[in-house]
Every structure is written in C-alpha cells, then in structure tokens.
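Report on the structure
Below, each chain spelled out in residue letters.
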Amino acid sequence: MNFFQRAIKNITRRPTKSILLLLTFFIIGNFVIIGIGISTAANQAKTITRKSMRAVVEYTVDYDAINEYTSSLSDSELEELYQDTERYNAMYNLTEEEFQQFLDDPRVVTYNATNYYIGSADIESQPIGNERENQDTGGVSVYSGSDGETIEVPYVEPEFRIMTNRTANMIELADGTWTISEGRFYTEEEIASAAPVALISEQVAELNGLSVGDTFTMNFSQDFEYVRQMGIEFSESQLHPELEIIGIYSTSETLDRNSENFDWMSRYESPYNRILMPNLTYMSMQLPLNQAVFDYYAQQNPDDSYYNDPANRPTLDTYDYISSVVFLLDDPLDVEPFINEYNEKLSSSYRMFNADNDTFNQMARPLDSIGLYANVIVAIVVVNAIIIITLVTALTLKTREYEIGVLVSIGASKLKVISQLFAELIIIGLVGFTLSVVSGSLIASTAGEALLNYQVAVDDSYASDDDDYYYVSGSTDYFTEITQEDMLANYHVSISPIIIGEIYVAGIGIVLISILVPSLMILRFNPKRILTASL
Amino acid sequence: MSTILTLKDISYSYIDGQSKRTILDHLSYEFESGKFYTILGHSGSGKTTLLSIMSGLDTPNSGTMMYEDKVIDQKALHDFRRNKVGIVFQQYNLINYLTPLENVLVSMAETDNKLPKDSKKVAGKLLEQFGIVSTKANRLVTQLSGGEQQRVAIARALAKNVDLILADEPTGNLDTATEREIIKIFRDLTENFGKTVIVVTHSVAVSQLSDSRILLKDGKLHDVDEALNREIESTI
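Computed from a predicted model, the values in this text were never measured in an experiment. (Residues numbered from 1 in each chain as written. Chains lettered and ligands numbered in written order. Predicted model: local features only at pLDDT ≥ 70, side-chain atom pairs only at ≥ 80, totals over all residues.)

So, about the overall build of chain B. Across its full length, chain B holds nine helices and ten strands. Every one of the 236 residues in chain B was classed for burial, and the buried ones make up 47%. Residue pairs at least 24 apart in sequence account for 70% of intrachain contacts in chain B once pairs closer than 6 positions are excluded. (Helix = DSSP H or I, 4+ residues; strand = E, 2+ residues; numbered from the N terminus. Buried ≥ 20, exposed ≤ 12 C-beta atoms within 10 Å, placed from the backbone. Contact = placed C-beta atoms within 7 Å.)

Now the structure itself:
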C-alpha cells in the first residue's frame, strides 16, 4: 500500500475532516474563479477594444514643454532664442535623423512624415451637406501691417485639407484605408525635387471631370491677400500654381452624418476633400509669400539685425521640416510598450509620444477598477487560503504524530509521509475546485455584471468635464474614436478552459505553499517520540 | 549461534537543567540470533532509550551498533529500520484509518526485502496465523480488542521478513491470558522461525519465559544470574 493509496483511505475514512477541508477549498475556489473570471473579462474587453483600434503612435514636438521653457526665459533670452535659427529649429522641428531611429524597430510597419494644412484650389470640393456649408461666416482675418496699422481680409473658408509628405510613405495606403484607384503615388525623387504633382480623391475627380495626367491649380489669393494689401504683387502662377494629377485615391472613410460634430464640419474635414502633394511642392508654392513678407519687414525695420541678415531670408530648405511623424505599428497591443520603451530613450525633452492611450485609458477606467478589485480579492483569498490550510494541516498533523512515527519506524521516508499529506490535500483540493468551477461559472457572470454596473455608476459620479475634452488635429485623425459603450460591450465574464486551468494551477500552488510549514514539522519530527506515551 | 546485534560502548546522556544525566554508560552487549531476550529494568533506567537506539529511531552520543557485521551509522539507520528490524509498541500504534490487512500491507510496501508477489494473500495468511481471521482483517483496527491489535502489530513487524523483532512492553496493556498468548507467539517465532526477539518489559513473568534475561542497571546491561534474579524479584 503506497502513500497515494493511504491518502485515499485517509480521505474516505475520515469523512468529517475531508468534508470540512473540501468546503474550504470549494469556497476558496469560488472566490478565485469569480475573481479571475472578472479580471480576465476586464482585460479581454480592453484587449479586444485595443485590437479594434489603429496601432498608431505619433512622435511629435512637445509644445507644452517648449512653452514652459520659453515662459521661464527673460525677454532678452527669448529674443536670443528667436534670433538663433539653428537652436530654434532644433526645438520646434523634427529632423529626419530623429524619426528614422524608430524605423529599424520591427514593430513599425510604416509611417507618415506628413504635414497638414488647409487651403483652396480652383476646383470644386465635395459638398458635405450640412447646414454650415451654406452659411456665410462673415468673418475677417486680421493681420498687422507697418506702423501698427491693421489689415483686414474677408475670411473665406478653405475647402481642402492639404496633406504634404516628406517621404513616399502613407499609412492609409499601407493599411488599406486608401487605395490608389488610378495612377500612382509620388516618388522620392518627386518629393526631393518639389515636383508639381498631386493626388485627389475619386469623388473630387469625378465632380470636376479630372483624371490622371490632367492639371488643376491651387488658389492662394486668399492667403496672399494681406501681403498684396501691403503693396506687394504676385504673379498669376504664384497665386494659382499648377499641379499635375498623378494619382486618384479612393478611401473607405465616410462621413458620419450622425456624429455630434457633423453640423459643425467644414468641407476640408471631409475625407474626400484632401489633396496630397510632396511637402517641398507645397513649400515652394508658399515660398514667394514668405520671402515677400520677410522682404517687407526687412524694409520696414532697417535696423533689425535679423531682417538684415540675408542668411535668414526664407528658402525652400527653411520650411522643409516636420513637427510630427505618425508610425503604424504591427499590433495595437504594441502601442503602449513601444511608447514606454522609447520614452526612456528620448534625446530631447521637447519631444513626446502621442497615442490614443489617454482616451482609451479613460474609457477603460471602470474595467481597470473592477479588474483591480478582482485581483485584490483573489490575492486576499489566496493568502488567507494559504494561512487557513496551513493551520488546519498543521493542527491535523499534531493529531497524526503517532501515524507519522509508525510510518517512519517501519522504514517510510519522511518525503513519502509529506507526499501522502500533499496527495490528501491535492485530491480534496481538486474535487473542491472542480465543484467550484461549476458554481463559480454560474455566479461569476452575474457578479461580474453587477460589479461593472456599480463601478460605471461610481466612475460617472467622479467624471470631470475634462474627460469630455475632444480635439481634432491632423495627426490625431489617425486615432480611432472609441466609446465606453463599445468597450464595455466587449466585457463578458465567462469561464474559459484557460481560466479553469488557472484555477487548478492556483489550487496546486495554494496546496504547495500550505504544505511548507507542515512539511518542516514532519522533517523535524523525532521518530523516537513514537516510543513515548505522550503521543 | 551467530551474533545478530552488537552494542559496543554505547553511551547516552542529556542535560537536565544544570546537571548532566547519563542514561547509558559505555554499554556493550551481543545479541545472538534465534533467541528470545527480555530486558528488565526499573522505571527511568533507560529501557526505552536503549530500545530506541536498537530500533534505529535514535542514535547514541557515542559507541557503535552493528547488525550482523555491519556498523549501523547515521546513514544506515533508514535502511536498518526498513529492512532489518520490526518494532512492536506497547500502544500497538496501528494506523487507525486502515484495516489490519492494510496495516500489514503498509509495512510490506516499505521494505526492500524480497517478499512474495501476492502481498495481499500473504498478509491475510500472516494475520490468520496470529488469529486475525479474514472478517476481522477487513475491519478498521479500532474495532479490534487490545490483544487483537497487538497481534496485528506483531504481524506488521514480521511482514517485512526481518530477523530481528524489538518489542516495547508489548503486553503492558493486556490481561494475563492475552499476555501469555503474545509471549507464546514470540517463543514460536524464535523456536520455529529462527527470529530474534528482544522484548523490553516490566513483567517478571514475561521475562521468565524468555531464553535470556538481561537487566539494565546503572546504564549497563547485565545478564541475570541468581543474585540479580533475587534483586529483580524483590524490586521490580
């Protein structure tokens, strides 16, 4: 009769002790299964939601940090900074070397080194169909002229978003949001040479009867108007530079007419009203304006050393910069580790990573809370279980000293005695945990839902107005909009085979730790005591 | 006859408060195989300590114990208990959630000695030899009388097929009739099966049925001669 058979006999022939221990394991098992079930469901809901989001990370200039720094400077120091073009650009502009350090990371699929502008072109934009686009804003743009005089230019809302690329990469093309339905994307050579090429959407092409190889002109009349009012003239080709359509894209993005923002949308916010061109192409079109403004101020301020230094006159290189790069990673779950990893390696305190983590984390707050509660409950239960089972086993051992003595005296090793004790606990534990899997599965779902509802209610009562803050800018368009309802809809407490496996592993772990003290007692047991009458 | 167990210069003492208490004092003795020994002694003379050393449950402060020609040192104690010696206790010390048959089977499982393959059948027969019939052999041991439990304990000690049986006051809790039966079993084991039985006892009557009577006195073993016999009969 080996130790395992003895363990079985001990369990079946001492039913009271076995049932009490079974009940202990059953109760522990229920708490653990409910806790792990809820915690897993909360994590899964977050993972599912996160996976449904675009895996994008923006590397950008940290304007808040720069503002903090500049506000700490005296006027003279600030003036010094503005005069030091190299230092100024190093703070405000990303260099290619800066963002190329991330391109070797295997998690990076592609990236957008893209600037975003709004502007007008001499072609029709795709209507949105909201109330706003038919209203005249009646606004004016105000500029300062010489001697403090103000120049007012009637505001005409731009209809296109101009996306300019510094490299021949587009996240939208890589992830299939956009496809080139006709023609092609521009090449690196075209980007480097500021070639007058552009891509437009299928909708705009159709609306204007344009196709690949056709040309259209941009319209800078509005942008240049205030300078013209200063008395500077521009040529027709400068006001309406021509671009060749080399590609037409189709997009899977649509306008959400049910969106809260729909009524306030401008035409340039439509995914169809985008014009793509190389960054230098756009800058070359803006260069006459920038040079004219510089010349004007140089003329107006003959004593100003900055304007009198020809090196400071804008060239194409002056504007060949970028303030943010958006990386597309291969897995949404990589976003956080990616940011955490590179945050520690950032070479400049004026750079930062941006992702839709903040929104995500805010949405996930109730799930984080209940996940935390569940984990705390599991931890408390497991610790208490270990203490209770250790004490119960140690006390039981006291009444079994003679049995241990007999076994040792007839030649059983102490290891075998410990093995019998372990076998007894593990058998009862497995039965208790198996029963708890059944009952715990039934309770976990209800308990999980109740806990979530409670937590959402508590969370709402603490929510501040800041939580509703929502902003739109070029780069953040890449971030997926999520709602808390979407995330919470992914929360389903169910007991999967993996959780059941975890329960059994937890059970074995509890038994293993609980048996440590009794095992030490057995190892220290002096078999001579079997001969004394005190046992 | 050959020597089965040799005690050589065994000493055992412990510190009791401020003073050192010597229990066994350079004790030496040779036990021959196939004989029935009884060890007598006053209460507190060290009988239980001596038995715990002889059964491998404890070790002396100094001295050597040998089984046949082999020294039983600390490393060999487990093997000695497992394969060389069977112990019978005053309190029987059967495992109370097991049946007599299972108690014997536990003992048979904890030895490296060669035993017949059908251990259950052999255990049943062994118990029958000691008067534990199959109906009783399959009850819990707590349902047996004291005498029956002690028989099971003897069967358990023998089941490992060892040549040396040590017993600690095996009849201390039994009535006179049962005591006689148990002693008869011990005699039978030595006479018919060549086993060596060493019984520690208070009972002069029991000792008179043994082949050799030894008195533990002043930490040493003394063969009982006429003079000692008179002393025993007057004091123990």
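With that out of the way, let us pick up the packing of helix 10 (residues 221–228) of chain A against helix 12 (residues 279–300) of chain A. All names here are of chain A. In the contact formed by helix 10 and helix 12, the axes pass within 10 Å of each other and the chain directions differ by 15°. On the basis of their axis angle, the class for helix 10 and helix 12 is roughly parallel. The interaxial crossing formed by helix 10 with helix 12 has left-handed handedness. In this structure, helix 10 contributes Asp223, Phe224 and Val227 to the contact, and helix 12 contributes Leu289, Ala292 and Val293. When grouped by side-chain class, the residues that make up the contact of helix 10 with helix 12 number five nonpolar, no polar and one charged. (Axes fitted to C-alpha atoms, helices over the stretch in contact; angles between N-to-C directions. Parallel < 35°, antiparallel > 145°, perpendicular 65-115°, else oblique. Left-handed = near helix turned anticlockwise from the far one by under 90°. Nonpolar A, V, L, I, M, F, W, Y, C, P; charged D, E, K, R; others polar.)

This part takes up the confidence of the model for chain B. Residue and element names in this part refer to chain B. This prediction gives chain B a mean pLDDT of 86; 96% of its residues lie at or above 70. The weakest mean pLDDT in chain B belongs to helix 9 (residues 226–235) at 67; the strongest belongs to strand 4 (residues 62–67) at 92. Scored as a whole, the predicted complex attains pTM 0.65, and scored at its interfaces, ipTM 0.84. (pLDDT = per-residue confidence, 0-100.)

Let's shift gears to the sheet that holds strand 7 (residues 164–168) of chain B. Residues and elements named next belong to chain B. Strands sit in the order 6-7-8-3-9-10 across an open sheet of six strands; the sheet is mixed. A single partner strand is all that each edge strand has here, and the edge strands are strand 6 (85–88) and strand 10 (220–223). Neighbour to neighbour, the strand axes of the sheet diverge by 20° on average, direction disregarded. Two strands pair when backbone bridges link them, and strand 7 and strand 8 (residues 196–200) are joined in this way by five bridges, in the parallel orientation. Along strand 8, the bridge assignment pairs Ile165 with Val197. Running at roughly 155° to strand 7, helix 1 (residues 47–54) makes contact with strand 3 (36–40), strand 7, strand 8 and strand 9 (212–217) of the sheet. Contacting strand 3, strand 7 and strand 8, helix 7 (residues 176–193) crosses the sheet at an angle of about 150° to strand 8. (Pairing = 2+ DSSP bridges.)

This part takes up the interface of chain B and chain A. Taken together, the contact between chain B and chain A spans 24 residues of the former and 19 residues of the latter. Counting only elements with at least two residues in the side of chain B that touches chain A, the list comes to helix 1, helix 2 (77–83) and helix 3 (100–109) of chain B. No other element matches helix 3 of chain B, which puts five residues into the side of chain B that touches chain A. Tallied by class, the residues present in the side of chain B that touches chain A amount to ten nonpolar, eight polar and six charged.

So, about the environment of Val458(A). With respect to the element layout, Val458(A) can be found in helix 18 (residues 414–462). In the structure, Val458(A) is positioned 92 residues away from Pro366(A) in sequence and 8.5 Å away in space, judged by C-alpha atoms.

Direction of pairing for strand 1 (residues 3–16) of chain B relative to strand 2 (residues 19–32) of chain B: antiparallel, over a ladder of ten bridges. Bridge assignment links Ile10(B) to a residue of strand 2 of chain B, and that residue is Leu27(B).

Sheets are built from strands that pair by backbone hydrogen bonding, the pairs being arranged parallel or antiparallel. Residues and elements named next belong to chain A. One open sheet holds the four strands; their spatial order is 2-12-1-13, and the pairing between them is antiparallel. Edge positions in the sheet fall to strand 2 (108–112) and strand 13 (351–354), since each has one partner strand and no second. The average undirected angle you get between the axes of adjacent strands in this sheet is 25°. Examined bridge by bridge, strand 1 (residues 56–61) and strand 13 share four bridges and lie antiparallel to one another. Pairing of Thr60 across the sheet is with Met352, part of strand 13.

Before going further, it helps to examine helix 16 (residues 365–399) of chain A. Over its 35 residues, helix 16 of chain A extends 51 Å from the first C-alpha to the last, a length consistent with the 51 Å expected when each residue adds 1.5 Å. Buried within helix 16 of chain A we find Pro366(A), Leu367(A), Ile370(A), Gly371(A), Ala374(A), Val378(A), Val381(A), Ala385(A), Ile386(A), Ile389(A) and Thr393(A). (Expected span 1.5 Å × (residues − 1).)

A word on the environment of Ala167(B). Residue and element names in this part refer to chain B. Relative to the elements of secondary structure, Ala167 occurs in strand 7. Taking the C-alpha atoms as reference points, Ala167 and Ile154, separated by 13 residues in sequence, lie 8.8 Å from one another. Aside from chain neighbours lying at most four places away, what touches Ala167 is Val88, Val197, Val199 and Val200.

This part is about the environment of Ile4(B). Looking at the element boundaries, Ile4(B) is found in strand 1. With near-sequence residues (within four places) excluded, Ile4(B) lies in contact with Phe31(B), Glu32(B), Ser33(B), Tyr67(B), Glu68(B), Asp163(B), Leu164(B) and Thr196(B).

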